[in-house]
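Secondary and tertiary structure notes
Residue strings, one per chain:
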4 protein chains.
Amino acid sequence: MSSATTAPMLVALLHGPDRPGLVARVAGWIFEQGGNIIHADQHRDMVSGVFFQRIEWVPSEGAASADTVAFYAFAASIGMQARVISSIHRPRVAIFVSKFDHCLHDLVLRWKSGEYTCDVVAIISNHRELESIAQGYGIPFHHIPVTAATKAESEAAQLALLRSLDVELVILARYMQVLSDDFLKEFSRSVINIHHSFLPAFAGGKPYHQAAERGVKLIGATAHYATAVLDDGPIIQQDVTRVTHRHGVEDLVRKGRDLEKIVLAQAVRWHLESRVLVYGNKTVVFD
Amino acid sequence: MSSATTAPMLVALLHGPDRPGLVARVAGWIFEQGGNIIHADQHRDMVSGVFFQRIEWVPSEGAASADTVAFYAFAASIGMQARVISSIHRPRVAIFVSKFDHCLHDLVLRWKSGEYTCDVVAIISNHRELESIAQGYGIPFHHIPVTAATKAESEAAQLALLRSLDVELVILARYMQVLSDDFLKEFSRSVINIHHSFLPAFAGGKPYHQAAERGVKLIGATAHYATAVLDDGPIIQQDVTRVTHRHGVEDLVRKGRDLEKIVLAQAVRWHLESRVLVYGNKTVVFD
Amino acid sequence: MSSATTAPMLVALLHGPDRPGLVARVAGWIFEQGGNIIHADQHRDMVSGVFFQRIEWVPSEGAASADTVAFYAFAASIGMQARVISSIHRPRVAIFVSKFDHCLHDLVLRWKSGEYTCDVVAIISNHRELESIAQGYGIPFHHIPVTAATKAESEAAQLALLRSLDVELVILARYMQVLSDDFLKEFSRSVINIHHSFLPAFAGGKPYHQAAERGVKLIGATAHYATAVLDDGPIIQQDVTRVTHRHGVEDLVRKGRDLEKIVLAQAVRWHLESRVLVYGNKTVVFD
Amino acid sequence: MSSATTAPMLVALLHGPDRPGLVARVAGWIFEQGGNIIHADQHRDMVSGVFFQRIEWVPSEGAASADTVAFYAFAASIGMQARVISSIHRPRVAIFVSKFDHCLHDLVLRWKSGEYTCDVVAIISNHRELESIAQGYGIPFHHIPVTAATKAESEAAQLALLRSLDVELVILARYMQVLSDDFLKEFSRSVINIHHSFLPAFAGGKPYHQAAERGVKLIGATAHYATAVLDDGPIIQQDVTRVTHRHGVEDLVRKGRDLEKIVLAQAVRWHLESRVLVYGNKTVVFD
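Being a predicted model, the structure only gives us computed values, none of them experimental.

Some words on the overall build of chain A
- Per the secondary structure count, chain A includes 8 helices and 13 strands.
- With respect to the principal axes defined by its C-alpha atoms, chain A has extents near 60 × 40 × 40 Å.
- Across the 287 residues of chain A, 60% fall into the buried class.
- For chain A, restricting intrachain contacts to residue pairs at least 6 apart in sequence, the fraction spanning at least 24 positions comes to 65%.
- Carbon and sulfur atoms provide 54% of the accessible area of chain A, an area that totals close to 11000 Å².
- Between the mean site of the 28 positive side-chain charges and the mean site of the 30 negative ones, chain A shows a separation of 4 Å.

Printed below as a string of structure tokens:
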């Protein structure tokens, strides 16, 4: 969403048990520190009684760091879990790829055009096919082959690299390997995957073949956080496009590429703007 | 949006010049009266510096009326224009029709199924074709013919009827007459119209013919508040559907009927839920 | 699709093993009988080598019956399975319902407005809730209760009724009972069902609850021919609409109603216009 | 659309006054030459009585050139205007740009990935900003400045270049200059433009500003053949995306970029696959 101001802002995502007065207390706290709220969006899950909020404010001059620290204490005092991010923070991002290049091009071009506030610090692949593309964009390329036999070793190498680069976000841009539960636990930061179907339909391998086989009239793509259960993590974004009997599997693949790009790009954008709050196996997206 | 609670709520729509602390002050005021905020949504127009808010709360028991009165004073004290509506208020609605029945059926069936909190108290038409439908639904039907020569007289009759029925909302459900500027000023309450094109394209008469003539690949429908300038009022909702060279004008008319129903129904729903704030010639829809 | 002509037309749907010259032979045959082709659409499944065609023509005056008979013989001579339907044939239709009325209203109103070439001859229900609606529309209502103990008996009664009314198409308009394999075999004509999810996701019961549980960002509806395997028949039409974390199950139900109506209405329309050709577990829709 | 076969095919686009037997005669002619029809799609404009057809066939071995020549004569003999294209013909394409790079990247990456059968032989710009991108892709870049004073001269230089390169298709990929009527007449081949609005709404300059001003709820993009009247040529493809009051002009610009890319890419694809037939100021797209 548009913002004419360029002053650094703070964004807080918080959630916890609902009770009267939460909106007033959070807004009041910010006002007391001299901050000015730019956007605030809250949601109350009527079934579970959980309160969710995303709030974005301009802190008083020079107070961003102190406000950040103080907000965590304040949130705890009202029983909320919180995360506070500065709008000028540039998370370090690694993109995992295999041989498909469409999502890679799309993400990097958006990043270079200024759509994303982040630093793409590495492209990591189990193949060498996309190395020259990485070089063309001036992004370090790391070839870490993966085989059934060497998977544990390869993941250790990936983790070591991610740690040494202080990567905060991994994007699986049609990376054709499943990350192990251990990898995800060890990394412990966000991993966004794009699956080329409308989940939960057609989880697992070859979803376009499955779709053609079933004769569906729409194909989809789903961006989600990766979890230990394959294709089952919290969904961030989904979209579909119409197909007919005239479209063979190769047409689904071609049409799907556009879907995958758009859906992954949107999910990454929301994540980088701190608009996504995960709870349970679902997301609240403050759009 | 879902609400498990059935306690009456108050909804306030407010707007005015932005300044620091508004969110905190409004939330604080409600908290002080013992109210519990259920939803709050605000927007700041960065270009004009205007602050917009929709806030929904459960007042403390028995305080709904007093809170409503007090809120107007409070809003004025912070420089805001406000409107406060109780969630149990049932506005009285009149539907204007001519000969097309699809939007009429759609609106009435939604109303009867409980989608709308309102009372449909009259169906008003310049023709008699839909009288039996009105009777079938048990809604009073009023035949007020309109000709070029008698237009002023007819509008006077319509206004007298609306006043006698205390109608708060008029829905033009494919009513094929233009309401005069005088009528709109006199009525001074909301009039929602459905135009069968994606405005501002194809304003005026025979939009499907215009669309077929121009060879567009999508046709649309637009629900808007009626103003003195034909098809130029604040837009509430729009949607489109794909057409091809295979679709003649009669196909556009048929496909358009579904669009018109969905778009008008959504606009009416938002209006009745106090989600639409008009400013200038635009709307803010708190969806 | 639009047709300015009102002369009765013949529509043939044919499919069989592809070989050179099929388009020419079919078109040539029609031309030889003095027919004039209005539309023709063919498709070749590149994987299976099957040829599919829908062809619509105005037969020479008075030749419709003779052409129909002769076409079957001609199609067999070129190795094609065929079905020929006159555009003025009005199939007799029964609508099965339980307690939800939205799809029923929608179908009947479209039928009454002239969108469908058919005769709705019966509304059949396992409950009495919608009886007065049927009466309001002047359509015979048949109450055939179904319990686990009496299911076989109830289906026998339904079949007897359908036979006595010479019903050619059954529409399950949110009918909340599963038809047995035996019923479908016995009836042996088309049964169109609307399932309130984007199949194959969320087959079976309570799909909106399943969707809310999984946290999907789009909900869907699927119209398909009923087969012995629940929610697994050939898909005719699907569509989706966007939902967010703000939508509880009751909102999904409400939004889903509009989807269900549109998707079922479109599938019925295509079926009645002889645009749907089933092969294997898929459909070719000549739109 | 999928094609498992890799034999060169011929595609004919034809149109002319409808009369009985046309489908049979065309199919019969192809069959007589030993060709095998792979796809055929025809349309009859009921209002104007014009017949349109796209037909795709595998000619008998070695007969492609002879068939092409003969088809023109045959089409003339049945009163049809025709165009015949070989599926292996690679038209030479020039892309015109100014300073925006998103459509350029998108088109070139699709071309490099094999989506388009053509040769991109030049990128022509009135500015130098995108020169390094052209070089990165290895495509010759031509800088031809345009000012009000030198427009005629600049267009002469552009035309000379296009002729020397034997360019068959010009794509205006957000080229911010209007081509003169003289240029279009002289060039006499196809020019595809992308306009960043849902035409005919918001023709002319700054359409996103116009859209924000009017408060529309959807923004669009339109790909069309360029003609002497600005933004008024035959429309090939259009699409829209939803916006809200939260989206300022810069958000519309960002969201619009994705629309522009998708809509232009689709129009170019259809054009290159000989799926677009222009008649009057409209197109028939055989999708």
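Section: the packing of aromatic side chains
- Applying the stated criterion across every chain yields a total of 34 aromatic pairs over all chains.
- With a centroid separation of 5.7 Å and an interplanar angle of 65°, the aromatic rings of C:Phe71 and C:Phe74 are classed as edge-to-face. Of the two residues, C:Phe71 and C:Phe74 are both situated in helix H2 (residues 64-77); the distance of 3 residues between them amounts to about one turn of the helix.
- By relative accessible area, C:Phe74 is classed as buried at 10%.
- An aromatic cluster is built from A:Trp29, A:Trp57, A:Phe71 and A:Phe74, whose rings are joined through pairwise contacts.

What about the interface of chain C and chain A?
- If you look at the interface, chain C gives 32 residues, while chain A gives 32 residues.
- In total, chain C and chain A occlude about 2800 Å² of area from one another, counting both sides; carbon and sulfur atoms represent 52% of this.
- Of all residues in chain C, C:Arg214, C:Lys217 and C:His245 bury the most surface against chain A, accounting for 26% of the area lost on that side.
- Taken together, chain C and chain A are joined by 6 salt bridges.
- Between A:Arg246 and C:Asp41 there is a salt bridge; the shortest N-O distance is 2.2 Å.
- Between chain C and chain A we count 24 residue pairs in polar contact (both at pLDDT 80 or more) in total.
- Those elements that place two or more of their residues in the side of chain C that touches chain A are strand E2 (36-45), helix H7 (207-214), strand E11 (235-242) and strand E13 (282-285) of chain C.
- Ranked by residue count, the leading element in the side of chain C that touches chain A is E11(C), at 7 residues.
- When grouped by side-chain class, the residues that make up the side of chain C that touches chain A number 13 nonpolar, 9 polar and 10 charged.

Some remarks on the pattern of salt bridges
- On inspection of all chains with the given rule, the structure shows 81 salt bridges over all chains.
- For C:Lys261, the salt bridge is made with B:Asp106, and the minimal N-O distance between the two is 3.9 Å. Highlighted residues: C:Lys261 in helix H8 (residues 249-272) and B:Asp106 in helix H3 (residues 102-112), drawn from two different chains.
- A residue is classified by how much of its surface remains accessible, and C:Lys261, at 13% relative accessible area, is buried.
- Between D:Arg214 and B:Asp232 there is a salt bridge whose closest N-O contact spans 3.6 Å. Highlighted residues: D:Arg214 in helix H7 (residues 207-214) and B:Asp232 in the loop between strand E10 (218-225) and strand E11 (235-242), drawn from two different chains.
- If you follow the salt bridges from partner to partner, you end up with A:Asp106, A:Arg110, A:Glu115, D:Arg257, D:Asp258 and D:Lys261 in one network.

Some words on the side chain of A:His15
- Inspection of the secondary structure puts A:His15 in strand E1 (residues 10-17).
- If we ignore the near neighbours within four places in the chain, the residues touching A:His15 are A:Val50, A:Phe51, A:Phe52, A:Met80, A:Gln81, A:Leu277 and A:Tyr279.

Things to note about the relation of the copies chain C and chain A
- Between the two copies, chain C and chain A, the superposition gives an RMSD of 0.0 Å; the rotation angle is 180° and the shift along the axis is 0.0 Å. On the angle and the small slide along the axis, the relation comes out as a two-fold axis. If distances are taken from each C-alpha of chain C to the rotation axis, the shortest is found for C:Ala201, at 2.3 Å.
- Take the interface residues of chain C: 100% of them recur as interface residues in chain A, which is what a same-surface contact looks like.

A look at unusual backbone geometry
- Look at the link from B:Leu199 to B:Pro200: it is a cis peptide, with omega at 10°.
- You can see B:Pro200 is positioned in the loop between strand E9 (190-195) and helix H7 (207-214).
- Positive phi is not limited to glycine here, since A:Lys206 has a value of about 50°.
- Among the structural elements, A:Lys206 can be located in the loop between strand E9 (190-195) and helix H7 (207-214).

A look at the packing of H7(B) against helix H8 (residues 249-272) of chain B
Residues and elements named next belong to chain B.
- Two elements in contact, H7 and H8, have axes separated by 10 Å at closest approach and are oriented at 125°. The angle between H7 and H8 falls in the class oblique. Every pair of crossing elements has a handedness; the one defined by H7 and H8 is right-handed. Of H8, the residues touching H7 (which contributes Tyr-208, His-209, Ala-211 and Ala-212) are Val-249, Leu-252, Val-253, Gly-256, Arg-257 and Glu-260.
- Per-class residue counts for the contact of H7 with H8 are 6 nonpolar, 2 polar and 2 charged.

Considering the pairing of strand E10 (residues 218-225) of chain C
- Counting buried positions along E10(C) yields 8 of 8 residues, so the element is predominantly enclosed.
- Of the two faces of E10(C), the one carrying C:Leu218, C:Gly220, C:Thr222 and C:His224 and the one carrying C:Ile219, C:Ala221, C:Ala223 and C:Tyr225 are both buried.

Some thoughts on the domain arrangement of chain A
Residue and element names in this part refer to chain A.
- Under the domain assignment used here, chain A contains domain 1 (10-86) and domain 2 (92-285).
- Placing the centre of domain 1 and that of domain 2 at their C-alpha centroids yields a distance of 31 Å.
- Counting residues at the interface gives 10 residues for domain 1, matched by 7 residues for domain 2.
- Across the domain 1 to domain 2 interface the summed buried area is about 760 Å²; carbon plus sulfur atoms make up 61%.
- Here domain 1 and domain 2 share 0 salt bridges between them.
- Taken together, domain 1 and domain 2 are joined by 3 residue pairs in polar contact (both at pLDDT 80 or more).
- For the side of domain 1 that touches domain 2, the secondary-structure elements that each account for two or more residues are E1, strand E3 (50-58) and strand E4 (81-86).

Notes on the UniProt feature "domain: Formyl transferase N-terminal" (unreviewed entry) in chain A
- The positions UniProt marks with the feature "domain: Formyl transferase N-terminal" (unreviewed entry) are residues 92-268 of chain A.
- In residues 92-268 of chain A, the share of helix is 38% and the share of strand is 24%. The end C-alpha atoms are 13 Å apart.

Considering the interface of chain C and chain B
- Across the boundary between the two partners, chain C contributes 22 residues, which contact 22 residues of chain B.
- Summed over both partners, the interface of chain C with chain B comes to about 1800 Å²; 47% of that surface belongs to carbon and sulfur atoms.
- Between C:Asp258 and B:Arg110 there is a salt bridge; the shortest N-O distance is 2.8 Å.
- Taken together, the links from chain C to chain B amount to 4 residue pairs in polar contact (both at pLDDT 80 or more).

Calculation criteria
Residues numbered from 1 in each chain as written. Chains lettered and ligands numbered in written order. Predicted model: local features only at pLDDT ≥ 70, side-chain atom pairs only at ≥ 80, totals over all residues. Heavy atoms only, no water. Helix = DSSP H or I, 4+ residues; strand = E, 2+ residues; numbered from the N terminus. Buried < 20%, exposed > 50% of the residue type's maximum accessible area, 1.4 Å probe, protein only. Contact = heavy atoms within 4.5 Å. Areas by Shrake-Rupley, 256 points an atom, 1.4 Å probe, with all protein chains shown as cover. Lys, Arg positive; Asp, Glu negative; His and termini not counted. Charge placed at Lys NZ, Arg CZ, Asp CG, Glu CD. Phe/Tyr/Trp six-rings, centres within 6.5 Å; stacked < 30°, edge-to-face > 60°. Buried area = accessible area lost by both parts, 1.4 Å probe. Salt bridge = Lys/Arg side-chain N within 4 Å of Asp/Glu carboxyl O. Polar contact = N/O pair within 3.5 Å; in protein donor to acceptor, adjacent residues only side chain to side chain. Nonpolar A, V, L, I, M, F, W, Y, C, P; charged D, E, K, R; others polar. Least-squares fit on C-alpha atoms with pLDDT ≥ 70 in both. Axes fitted to C-alpha atoms, helices over the stretch in contact; angles between N-to-C directions. Parallel < 35°, antiparallel > 145°, perpendicular 65-115°, else oblique. Left-handed = near helix turned anticlockwise from the far one by under 90°. Domains from an automatic or database assignment. UniProt positions renumbered as here; feature names shortened; annotations may be inferred.

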